[in-house]
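Letter by letter, the chains look like this.
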Amino acid sequence: MPPRPRPGRLTPTPPPYPGRVTAAAAAGVAPGADGLSMVNTARAMAIDLDARRPALAAGAGGLSGPALRPIAVHCVFQVHAAMRAGRMPAVPILAMGGVRTGRDALEFTLAGASGVAVGSELLRDPTAPLRILDELRAELTTRGFAAYTDAVGLAHRTTTTKDSDD
């Protein structure tokens, strides 16, 4: 039996590197992680207007779901760019954060994800992974991809965006 993978887990604001996701990702794979799981949640807060205090007992909590997706896609894009540039070891990226449709999954894939996970959407639709997989397959076919791997990181080969943590 092959050894179990050991992915590193990365949040969009990893301490002690706020705004420096590639440095945190590189630090995460340095000890030998077989991949990266990114991103989980971002620290967020809501204020209860009537009580005039934080809505959550702990003050802040984790932002997840569709609001997190653009942040997560940016993080995946940055880390994949660092891998392509040789600034860190190239390992598979398992992306997550607001995936609700096959289009969302394809967006992560084009940014550089080797795989996509579904989280919050499961609370709304327990069959979401199967639906999203079917939608992703349709998106890939519509766009002329012969295989999923043909789409991984394609946004890096067709962009002039600066590959940095800016």
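Higher on the page you've got the structure.
Residues numbered from 1 in each chain as written. Predicted model: local features only at pLDDT ≥ 70, side-chain atom pairs only at ≥ 80, totals over all residues. Heavy atoms only, no water.

## Description of the packing of helix α2 (residues 69-84) against helix α3 (residues 102-111)
(1) Moving on: Interaxial distance between α2 and α3 falls to 8 Å at its minimum, and their mutual angle equals 25 degrees. It follows that α2 is roughly parallel to α3 by the angle criterion. Each of Arg 69, Ala 72, Val 73, Val 76, Phe 77 and His 80 in α2 lies in contact with α3, whose residues at this interface are Asp 104, Glu 107, Phe 108 and Ala 111.
(2) Moving on: Residues belonging to the contact of α2 with α3 are distributed by class as follows: six nonpolar, one polar and three charged. (Axes fitted to C-alpha atoms, helices over the stretch in contact; angles between N-to-C directions. Helix = DSSP H or I, 4+ residues; strand = E, 2+ residues; numbered from the N terminus. Parallel < 35°, antiparallel > 145°, perpendicular 65-115°, else oblique. Contact = heavy atoms within 4.5 Å. Nonpolar A, V, L, I, M, F, W, Y, C, P; charged D, E, K, R; others polar.)

## A look at helix α5 (residues 128-142)
(1) Moving on: Here α5 contains 15 residues, and its C-alpha end-to-end distance of 21 Å stays within 8% of the 21 Å for a straight helix at 1.5 Å per residue.
(2) Moving on: Among the residues making up α5, those that are buried are Ala 128, Ile 132, Leu 136, Glu 139 and Leu 140. Looking straight down α5, one finds that the buried residues subtend no more than 100 degrees of arc, so they occupy a single side. When the buried face of α5 is taken as reference, the exposed residues oriented beyond 90 degrees from it are Leu 130, Thr 141 and Thr 142.
(3) Moving on: Looking at the buried positions of α5, the neighbouring elements they touch are α3 and α4 (121-124). (Expected span 1.5 Å × (residues − 1). Buried < 20%, exposed > 50% of the residue type's maximum accessible area, 1.4 Å probe, protein only. Arc of directions from axis to C-beta.)

## Some words on α3
(1) Moving on: Along α3, seven of the 10 residues are buried, which leaves the element largely enclosed by surrounding structure.
(2) Moving on: Restricting attention to buried positions, one finds in α3 the residues Gly 102, Asp 104, Ala 105, Leu 106, Phe 108, Thr 109 and Ala 111.
(3) Moving on: Its side-chain oxygen at 3.3 Å from the backbone nitrogen of Arg 103, Thr 101 defines the N-terminal cap of α3.
(4) Moving on: Positive backbone phi, at 135 degrees, marks Gly 112, one or two positions downstream of α3. (Polar contact = N/O pair within 3.5 Å; in protein donor to acceptor, adjacent residues only side chain to side chain.)

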